[in-house]
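Structural overview for review
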Amino acid sequence: MLDLEGRLQFMSDGGKRAMEVEDFGAFQGCPWPDFWAGDGNVAARQAVETVASGQPAQFFGDAKTAKGTPKFWEVQVIPVFGEDGYPTHLLSISKDITEVTDALRRNELLAQELQHRIKNTLAMVAAVAS
């Protein structure tokens, strides 16, 4: 849970486990976008702005856990509305998709290697035919 400026206010037990957080007090009040690297940082900042205005946001990004483990996340951020109909907090739901992403990257690399070998084979066939 974030405040409207994107500072951490609360983290569920599941979130603490996923992020390897032992003492949430050390992170409470910290700017949430600062935990995201590269393009994920930009996307997290944009998500805070979008959701603070009342619209949901989604992005993917790299962020290390509290213990420094690199992970890749699918993130959804939604507004929590008060009785007046305006957002009072932002709810961030992050899913660790590191294993899926790593498998997709491996498959892509294997497909590229297979394509390269097929081209080499076809070149050999063409050379023999000539």
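Please refer to the structure higher up on the page.
Scope of this entry: the structure provided in the associated data block. (Residues numbered from 1 in each chain as written. Predicted model: local features only at pLDDT ≥ 70, side-chain atom pairs only at ≥ 80, totals over all residues. Heavy atoms only, no water.)

**Observations concerning the overall build of the chain**
For the record, the criterion: Numbering of helices and strands starts at the N terminus; helices are DSSP runs of H or I of at least 4 residues and strands are runs of E of at least 2. Note on method: radius of gyration uses C-alpha positions; expected globular size equals 2.2 Å times residues raised to 0.38. Exposed residues in this analysis have more than 50% of their type's maximum accessible area, buried residues have under 20%, and partly exposed residues fall in between, with area computed by a 1.4 Å probe over protein chains only. A contact between two residues is defined here by any heavy atoms of the two lying within 4.5 Å. Only the protein chains shown count as covering a residue, and every accessible area follows the Shrake-Rupley method with a 1.4 Å probe.
A count of helices and strands for the chain gives three helices and three strands. Helices (α) and strands (β) of the chain occur, in sequence order from the N terminus, as α-α-β-β-β-α. What you see for the chain is a C-alpha radius of gyration of 21 Å, clearly larger than the 14 Å of a compact globule of 130 residues, by over 25%. In terms of principal-axis extent, the alpha carbons of the chain reach across some 80 × 35 × 20 Å. Per-residue burial for the chain yields a buried fraction of 28% across its 130 residues. Long-range contacts, defined as pairs at least 24 residues apart, comprise 44% of the intrachain contacts of the chain with a sequence gap of at least 6. Accessible area of the chain: about 8700 Å², with a carbon and sulfur share of 56%.

**Quick word on the side chain of Asp-3**
Tracing the sequence through the fold places Asp-3 in the segment before α1 (13–18). On the accessibility criterion, Asp-3 (11% relative accessible area) is buried.

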